[in-house]
Amino acid sequence: MAVSPDNERWLVRVRSTDGRVLGAGLALDARRVLTCAHVVSGGGDSSSSGSEPSWAVLLDLVGQPVSRTVSARVVPGCWWPLTDDERDDIAVLELAEPMAQGPFAPLRRTKTLDRRVVMYGFPTTVEHGVRVEATLKGRSGARWERIQMVSGPTDLRVSKGFSGTAVLDARSGHVVGMVVSTYEDADRDGDVVGGAAQGLSWMIPVETILNRLPWLGPRVPGEPAVDPRLRSPDGIPANLKVLRQLADFFGRLSPDNVLVIVVNHRESDVAEAVRQAAVFSSRELRSSSDPEQSPDAPPIGSIDLAVDATDRSTKDVSQRIADWAGESDVASTAPDNDRAVEATPRSIIINNIDEAADPETLLSEVVLPLVDQAPARDLRMLLTFRAESVPLRTTLLARRVASLQATEEATRRAYRQAAAVVADVPRLQPRAIELRIQLTKLRAAAASTDGDTLAALLASTERATDRALRTAESIRREIVAREDLWSELRGRLGAYRARAVRHGFAEDAVLGTSYRGAHDLLMAAPCDLVTAEAAVRDYTEAVADRVGGHRGGGGS
């Protein structure tokens, strides 16, 4: 996608009245421009301590067909300076005279993880600006209000002059956020990147902007991350035990990937706990006046999407997930029932599954494919049912037990391969057969056991299955990581051996002894990774010392 002032008419450059480039901004309409508060502060009295600026700044309307410069001031009441813990930093400017032409910045609510984005900023050394690409990498900053961005090691990076510019989805062209800061080693108050963390920058997502500017909401495409039925309070206290459970679950303090809750009825305290968890975690919908309002609620931004399935078709729920992910903004050849899987949220609530228009189809075509991905991708899924819904939950449980069996088999294969070369490989205690037997007993008991007893047995088996899945996947990853480390150590040893030879140290006795010791440790079956890693480290450091003090030969 080509992003430039030529085709982004809403793009502006912000300057001080003495001509210094302060940053950038994006036009919301013909008279108002969104930017960072610190960009505006840079054009006036630095001792104002965050009070609403009285001075004007200059806006270069570089995106307009005929570029011109217009004076602008902060709109009264639209000023949120950077807080001590680095939240906010939002301002809206009003132009002294309107822009001649739209369209204006196409803000969009959407998924903010692993998304390729484009930004156009104005470093002081580049008169007409420069285009930078990055990837969104998830929640960051105080109370998780911001999104971290990472540029590749060979890419241009966000630098001074980018603050206040739009962050655009590289596929659709929608604005998903606003650049607010970059990393630097020495001066954290500026925008200049440097040191080991070059390439890191941060944006304020659209949802956080809408929390401060709710009047923009109706004009921004995409539904809020929380469905309307989950937004309205019922006037009853939430079940605090359930709310704390959800805070741990979505805050990733508990090991479960899938959590099943029966809410009983819409006005129950459990239903209210689910509603509060969804709203309090929303960047857009949470109270902007009291960010500390509920320490028991999930962290801000920890729930990607909360969907209420009541009376909705499977296609509608699938489309809702795809819309949230921005998949509907670009061409897709995937069937409708695969779109939700393509656009999987990292954390999701699907509420009242048994109240959907077709619960069985919703379960088979949307819920179960997501559940299959949960252990491997470390997803968090809260699935709620209005009633006990034993047949639906038993179907869900059967799928999870089958997934456990497959995960345990993959773990056993990984163990056999790794144990041949590496020592102390963790071994899995299988649970799938035991849980499959328990599932069979549950199905048989459905006709004779009373409802409360059956529901309790089902719930305990659900919890046991999810724990077993999490354990199996965790052990599989650890096994793979140990074998990968062994392979990496072999490669590192070989690379430093080649470096030593290239610099004329092939016959060096000390290096030779060190190399053979590390090599023998690595090739011993099974290899003690702790001892081998220390030996490889000793050898590579010795080679680096020799090469560093060597005055002859070529460069490394």
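Residues numbered from 1 in each chain as written. Predicted model: local features only at pLDDT ≥ 70, side-chain atom pairs only at ≥ 80, totals over all residues. Heavy atoms only, no water.

Student: Is there a simple way to think about the overall build of the protein chain in this case?
Tutor: A count of helices and strands for the protein chain gives 12 helices and 16 strands. In the protein chain, which comprises 556 residues, the share counted as buried stands at 53%. When the accessible surface of the protein chain is summed, it comes to about 24,200 Å², and 50% of that surface belongs to carbon and sulfur atoms. (Helix = DSSP H or I, 4+ residues; strand = E, 2+ residues; numbered from the N terminus. Buried < 20%, exposed > 50% of the residue type's maximum accessible area, 1.4 Å probe, protein only. Areas by Shrake-Rupley, 256 points an atom, 1.4 Å probe, with all protein chains shown as cover.)

Student: Please explain the confidence of the model for the protein chain as it appears in this structure.
Tutor: Detailed reading of the predicted model is not advised wherever pLDDT is low. In this model, the protein chain carries a mean pLDDT of 87, and residues with pLDDT of at least 70 account for 89%. Mean pLDDT across the secondary structure elements of the protein chain bottoms out at helix α6 (residues 336–342), with 49, and peaks at strand β3 (residues 32–35), with 97. A low-confidence stretch, residues 1–5 (pLDDT under 50), is modelled with 20 contacts involving residues beyond four sequence positions or located in other chains. (pLDDT = per-residue confidence, 0-100. Contact = heavy atoms within 4.5 Å.)

Student: Can you walk me through the sheet that holds strand β10 (residues 166–169) in this structure?
Tutor: Within a sheet, each strand pairs with its neighbour through backbone hydrogen bonds, oriented either parallel or antiparallel. Reading around the barrel, the six strands line up as β7-β8-β9-β12-β11-β10 and close back on themselves, with antiparallel pairing between neighbours. Averaged over neighbouring strand pairs, the angle between their axes works out to 45° when direction is ignored. In this structure, strand β9 (residues 146–150) lies alongside strand β12 (residues 200–205), joined through four bridges in antiparallel fashion. Bridge assignment links Ile147 to a residue of β12, and that residue is Met203. (Pairing = 2+ DSSP bridges. Axes fitted to C-alpha atoms, helices over the stretch in contact; angles between N-to-C directions.)

Student: Looking at this model, I keep getting lost on the nonpolar core. Mind explaining?
Tutor: Nonpolar side chains tend to gather and get buried jointly when the protein is soluble and globular. Ranked by internal contacts, the top residues of the largest apolar core, which has 50 residues, are Trp10, Leu26, Leu34, Leu59 and Leu107. If you tally residues by element for this core, the top one is strand β5 (residues 69–80), at seven residues. Once residues lying within four places of it in the same chain are set aside, the contact partners of Leu107 are Leu26, Leu28, Val175, Val206, Leu216, Val220 and Pro221. Listed in part, the 41 residues of the second largest apolar core include Leu404, Val425, Leu489 and Phe505. (Core = buried A, V, L, I, M, F, W, Y, C linked by side-chain atoms within 4.5 Å.)

Student: Any chance you could explain the pairing of strand β6 (residues 90–95) here in plain terms?
Tutor: On any regular strand, side chains alternate: one points to one face of the sheet, the next to the other face. Burial runs high along β6: five of the six residues are buried. One ladder, built from four bridges, connects β3 with β6; its direction is antiparallel. Looking at β6, one finds that Val33 is bridged to Leu93. With five bridges joining them, β5 and β6 adopt antiparallel strand pairing.

Student: Explain the side chain of Asp308 here, please?
Tutor: Within the element layout of this structure, Asp308 appears in strand β14 (residues 305–308). Judged by its relative accessible area of 2%, Asp308 is buried. Within the structure, Asp308 has its side chain in polar contact with the side chain of Asn351 (distance 2.8 Å). Within the local environment of Asp308, its side chain forms a polar contact with the side chain of Asn352, the two groups lying 3.4 Å apart. Those residues in contact with Asp308 that sit more than four places away from it in its chain are Asp227, Arg229, Leu230, Arg266, Asn351 and Asn352. (Polar contact = N/O pair within 3.5 Å; in protein donor to acceptor, adjacent residues only side chain to side chain.)

Student: Hey, could you run me through the packing of helix α7 (residues 359–377) against helix α10 (residues 451–502) in this one?
Tutor: Between two packed helices, what matters for the description is the angle formed by their axes and the separation of those axes. Where α7 contacts α10, the axes come no closer than 9 Å and their chain directions differ by 45°. Relative to α10, the element α7 lies oblique. Counted together, Pro375, Ala376 and Arg377 of α7 and Leu469, Glu473 and Arg477 of α10 form the full contact between these two elements. Partitioned by chemical class, the residues of the contact of α7 with α10 number three nonpolar, no polar and three charged. (Parallel < 35°, antiparallel > 145°, perpendicular 65-115°, else oblique. Nonpolar A, V, L, I, M, F, W, Y, C, P; charged D, E, K, R; others polar.)

Student: Could you clarify how one ought to interpret the sheet that holds strand β1 (residues 11–15) in this entry?
Tutor: Judged by pairing direction, the barrel is antiparallel, and its six strands sit side by side in the order β1-β2-β3-β6-β5-β4 before closing back on the first. Direction aside, the axes of adjacent strands within the sheet are offset by 40° on average.

Student: Teacher, can you tell me more about the pattern of salt bridges here?
Tutor: Any two side chains of opposite charge can pair, so long as their charged atoms come close to each other. Scanning all chains against the criterion turns up 36 salt bridges. Here Glu284 makes a salt bridge to Arg109, at a shortest N to O gap of 2.8 Å. Taken together, the positions of Glu284 in the loop between α4 (269–280) and β14 and Arg109 in the loop between β6 and β7 (116–121) put the pair 175 residues apart, joining distant regions of the chain. Of the two residues, Glu284 and Arg109, neither departs from the other in class, the shared state being buried. Arg312 serves as the salt-bridge partner of Asp227, at 2.5 Å between the closest nitrogen and oxygen. Here Asp227 is found in the loop between α2 (206–212) and α3 (240–250), whereas its partner Arg312 is found in the loop between β14 and α5 (314–325), with 85 residues between them in sequence. Exposure class is identical for Asp227 and Arg312. Each is buried. Each member of the salt-bridge network shares a partner with another, and the members are Asp227, Arg312, Asp316 and Arg320. (Salt bridge = Lys/Arg side-chain N within 4 Å of Asp/Glu carboxyl O.)

Student: I tried to follow the side chain of Arg320 on my own but got confused; where do I start?
Tutor: With respect to the helices and strands, Arg320 occurs in helix α5. Of note is the side chain of Arg320, whose polar atom sits 2.7 Å from the side chain of Asp227. Excluding residues within four positions of it along the chain, Arg320 makes contact with Glu223, Pro224, Ala225, Val226, Asp227, Leu305, Ala306, Val307 and Arg312.

Student: Just checking my understanding: could you explain unusual backbone geometry for this structure?
Tutor: Of all residues except glycine, most have a negative phi; of all peptide bonds, most are trans. Of note, the amide linkage connecting Ala525 to Pro526 takes the cis form, showing an omega dihedral of 0°. Here Pro526 is to be found in the loop between α11 (509–523) and α12 (529–549). You will see that Asp114, though not glycine, has its phi angle at about 55°, which is positive. Structurally, Asp114 can be placed in the loop between β6 and β7. A positive phi angle, near 65°, is found at Asp311, a position not held by glycine. With respect to the helices, strands and loops of the structure, Asp311 is situated in the loop between β14 and α5. Since its relative accessible area comes to 59%, Asp311 is described here as exposed.

Student: Is there a simple way to think about the packing of aromatic side chains in this case?
Tutor: The description of an aromatic ring pair uses the distance of the two centres, along with the angle that the planes make with each other. Enumeration over the complete set of coordinates arrives at three aromatic pairs. Seen in terms of ring centroids, Tyr120 and Phe122 are 5.9 Å apart; in terms of plane orientation they differ by 70°. Their pairing is edge-to-face. An angle of 75° between the planes, with centres 4.9 Å apart, marks the rings of Phe249 and Phe250 as edge-to-face. Neither Phe249 nor Phe250 differs from the other in exposure class; each is buried. When the ring centre of Phe249 is taken as origin, the NZ or CZ atom of Arg380, which lies over that ring, is 5.8 Å away. Of note, Arg497 hangs over the ring of Tyr515, and the distance from its end group to the ring centre comes to 5.2 Å. (Phe/Tyr/Trp six-rings, centres within 6.5 Å; stacked < 30°, edge-to-face > 60°. Lys NZ or Arg CZ within 6 Å of the ring centre and 35° of its normal.)

Student: What should I look at first to understand the environment of Val40 in this one?
Tutor: In this structure, Val40 sits in helix α1 (residues 37–41). Taking the C-alpha atoms as reference points, Val40 and Val92, separated by 52 residues in sequence, lie 9.6 Å from one another. The residues touching Val40, leaving out its near neighbours within four places in the chain, are Thr35, Pro53, Trp55, Val57, Val74, Trp79, Ala91 and Leu93.

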